[in-house]
Amino acid sequence: MKFLCSAAEVPDNGSRGFDLDGRKVLAVRRAGQVYAYLNRCPHRGVPLEWQPDQFLDPSASLIQCATHGALFLIESGECVAGPCAGQFLAALDSREDEQGIWVEL
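Predicted model only: the values in this text are computed from it and were never measured. (Residues numbered from 1 in each chain as written. Predicted model: local features only at pLDDT ≥ 70, side-chain atom pairs only at ≥ 80, totals over all residues. Heavy atoms only, no water.)

Undergrad: Describe in detail the packing of aromatic side chains, supporting the description with residues and values.
TA: By the definition in use, this model includes 1 aromatic pair. Between Phe-3 and Trp-102, the ring centres sit 5.2 Å apart and the planes meet at 75°, which makes this aromatic pair edge-to-face. In this pair, Phe-3 is assigned in strand β1 (residues 2–5) and Trp-102 in strand β9 (residues 100–104), connecting sequence segments 99 residues apart. With a relative accessible area of 39%, Phe-3 lands in the partly exposed category. (Phe/Tyr/Trp six-rings, centres within 6.5 Å; stacked < 30°, edge-to-face > 60°. Helix = DSSP H or I, 4+ residues; strand = E, 2+ residues; numbered from the N terminus. Buried < 20%, exposed > 50% of the residue type's maximum accessible area, 1.4 Å probe, protein only.)

Have a look at this one:
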C-alpha cells in the first residue's frame with residue numbers, strides 16, 4: 001500500500017485530490033470512514049472536481065462530476081444520477097492507521 005496523507009488532511013464530510021505515482025486519486029471522509037477512488041468520471045474519463053479538492057455536491061452527501069453533474073454515492077462510487085447512471089467510480093482499497101491514510105493502486 002502507498003501512503004496517501006495524514007488523517008487530518010481529509011476532514012469529515014470533506015474531500016481531497018492527490019497525484020500518486022502519476023495517477024489522480026480522490027479521498028472522501030464520511031461518518032469517520034475514508035473512501036478512495038480514481039479521480040476519473042466513468043462517462044468521459046475526465047477528472048471530477050471543478051476546483052482543487054472540490055469533489056462533493058453542495059450538501060456534501062454525494063460526489064459530483066463537475067463536467068456533467070453526475071452524482072455518485074460516497075460509500076460505493078455508484079452513479080445514481082447523470083449520464084453514467086448505474087456505473088461506478090473505480091474504488092481503491094484503502095485503510096487508515098495512526099500514520100494516516102493508505103491506498104492500493
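There is more to say, and it comes next.
Undergrad: Break down the sheet that holds strand β3 (residues 23–30) for me, citing the residues and quoting the values.
TA: Taken in spatial order, the 6 strands make up an open sheet running β1-β9-β8-β4-β3-β2, and their pairing is antiparallel. Pairing within the sheet leaves two strands with one partner each, and these edge strands are β1 and β2 (14–20). Put simply, the sheet's adjacent strands are angled 30° from each other on average, direction ignored. Pairing geometry for β2 and β3, over 7 bridges, is antiparallel. Across the sheet, Phe-18 pairs through a bridge with Val-25, a residue of β3. (Pairing = 2+ DSSP bridges. Axes fitted to C-alpha atoms, helices over the stretch in contact; angles between N-to-C directions.)

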